[in-house]
Amino acid sequence: MKTSRILIVGAGIAGLALAKVLLERGLAVDVVERRADGAPDLGAGLYLPANAVRALEAIGVGDEVAKYAAPVTRQRLHDHRGRVLSEFAVDRIWGDVGPCLAMTRGELHTVLRDAVDGTAVRYGFEVRAVTDDGTVTFSDGTSSTYDLVVGGDGINSAVRRSLFGGPEPRFLGQLCWRFIADDTAIPGLTDWTARLGDRGRTFLTVQLGGGRVYCYADINSSVPTPPGGDWRTLFADFGGPVAALLEQGDGAHFAALHESENTAWTRPHAVLIGDAAHACSPSMAQGGAMALEDAWVLADTLVAEPDVPTALEAFQARRTERVAWVLAQNHRRDKARNLPTPLRNFTLRRVGERMFKANHAPLHELP
């Protein structure tokens, strides 16, 4: 496809991954990012399931990612006291798709940013409005017209609000806190371990290597605001290493979890990718994977098809069913963890590995 100008709004995972591939394929790309320094959220780790790692390799940054990432070889589900409910090797879930890895969000952002021509990204530049003909108005009052505007600007996407309309992201009834801790003096932490309490409470740890562990805690809530007092008391009855990790959780980053309900991600001169299109629950750890796959597939369709509208139609067709599957599995996983505690624990002991295999089976296929 011959196109003169592409604007990518957002220099996060999805936007930078797409920019890297398009620039390599000789397309004219501008990237704008509203944050002045482009820094990702602090305190965030990433579990990269095998389909995410495969996408990173297809995008061309697999070797650089491997320099930062730690392998994740097993997944463990415990109750809040530390008793094992289910445990399995990740290659039993993913087969020959590839390895699963863990790293910080900042490290992945660094890899992708370094892979993109620095002159292609303008930081501290915000989009105010987008029209159907591809005209974009920026925060400094200037405007320009593009053949394609890509909204990779996250769950609160300015591109989505300006051009696509539709419902605002829906609160999922979950609050979370996340931080990165030093695990050098805390025994018993390996790979990926989720500890499940009642009231939807979960405390997840993912080892990042280098004496670091990513800690993610969430709890059910009827409102998207943090409860009063120190959030760590909500997990005070969790056993094992949780108490020692919580001591390092002062200043953890809080978020209320939301899901995008948009199902149409394309217009004649615009497309949404990543969280701007389909923000979802972290239950499947597929948010980053879906963003990376979006970038991979969109780059393929833009190169393969004769014009922008045809490329976007092909992109929507290739992504709709796969993303819908992930959203549906997230909902199933969230419902399962909210079963009465004895029933949930019994179910995970009996069929935990089988459930995980079924959740991920269609994702073995190429996107």
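Here we summarise the structure given alongside this text.

A short note on helix H10 (residues 308-337)
- For H10, which comprises 30 residues, the first-to-last C-alpha distance of 42 Å matches the rise-based estimate of 44 Å (1.5 Å per residue) to within 8%.
- At Arg319, H10 is deflected by roughly 35°, the largest bend along its length.

Thoughts on the sheet that holds strand E6 (residues 84-89)
- Reading across the sheet, the 7 strands line up as E6-E5-E14-E15-E16-E13-E17 and stay open at both edges, with mixed pairing between neighbours. Lying at the two open borders of the sheet, with one neighbouring strand each, are E6 and strand E17 (253-259). With direction set aside, neighbouring strand axes in the sheet form an average angle of 20°.
- In this structure, strand E15 (residues 202-209) lies alongside strand E16 (residues 212-220), joined through 7 bridges in antiparallel fashion. When the sheet's bridge partners are listed, Phe203 is paired in E16 with Ala217.
- On the sheet, H10 packs against strand E13 (170-182), E15, E16 and E17 and is oriented at approximately 80° with respect to E13.
- Here helix H11 (residues 341-360) sits on the sheet in contact with strand E5 (74-79), E6 and strand E14 (192-196), set at roughly 10° to E6.

Concerning the side chain of Asn262
- With respect to the helices and strands, Asn262 occurs in the loop between E17 and strand E18 (266-267).
- Asn262 gets classed as buried once you look at its relative accessible area, which sits at 9%.
- Among the polar contacts listed, one links the side chain of Asn262 to the backbone oxygen of Gly165, at a separation of 3.4 Å.
- With sequence-adjacent residues up to four places away left out, Asn262 is seen in contact with Arg160, Phe164, Gly165, Pro167 and Ala277.

Considering the pattern of salt bridges
- Counted according to the given criterion, the structure contains 24 salt bridges.
- Across the salt bridge formed by Asp300 and Arg25, the nearest N and O atoms sit 3.2 Å from each other. A residue pair is termed long-range when its members are at least 10 positions apart, and Asp300 in helix H9 (residues 287-304) and Arg25 in the loop between helix H1 (13-24) and strand E2 (29-33) qualify at 275 residues.
- When its relative accessible area of 23% is taken as the criterion, Asp300 is described as partly exposed.
- Residue Arg76 is joined to Asp191 by a salt bridge in which the shortest nitrogen-to-oxygen separation is 3.6 Å. In this pair, Arg76 sits in strand E5 while Asp191 sits in the loop between E13 and E14, placing the two residues 115 residues apart along the sequence. No difference in accessibility class separates Arg76 from Asp191, as the two residues are buried.

About the cut-offs
- Residues numbered from 1 in each chain as written.
- Predicted model: local features only at pLDDT ≥ 70, side-chain atom pairs only at ≥ 80, totals over all residues.
- Heavy atoms only, no water.
- Helix = DSSP H or I, 4+ residues; strand = E, 2+ residues; numbered from the N terminus.
- Expected span 1.5 Å × (residues − 1).
- Bend = angle between axes of the 7 residues up to and from the residue.
- Pairing = 2+ DSSP bridges.
- Axes fitted to C-alpha atoms, helices over the stretch in contact; angles between N-to-C directions.
- Contact = heavy atoms within 4.5 Å.
- Buried < 20%, exposed > 50% of the residue type's maximum accessible area, 1.4 Å probe, protein only.
- Polar contact = N/O pair within 3.5 Å; in protein donor to acceptor, adjacent residues only side chain to side chain.
- Salt bridge = Lys/Arg side-chain N within 4 Å of Asp/Glu carboxyl O.

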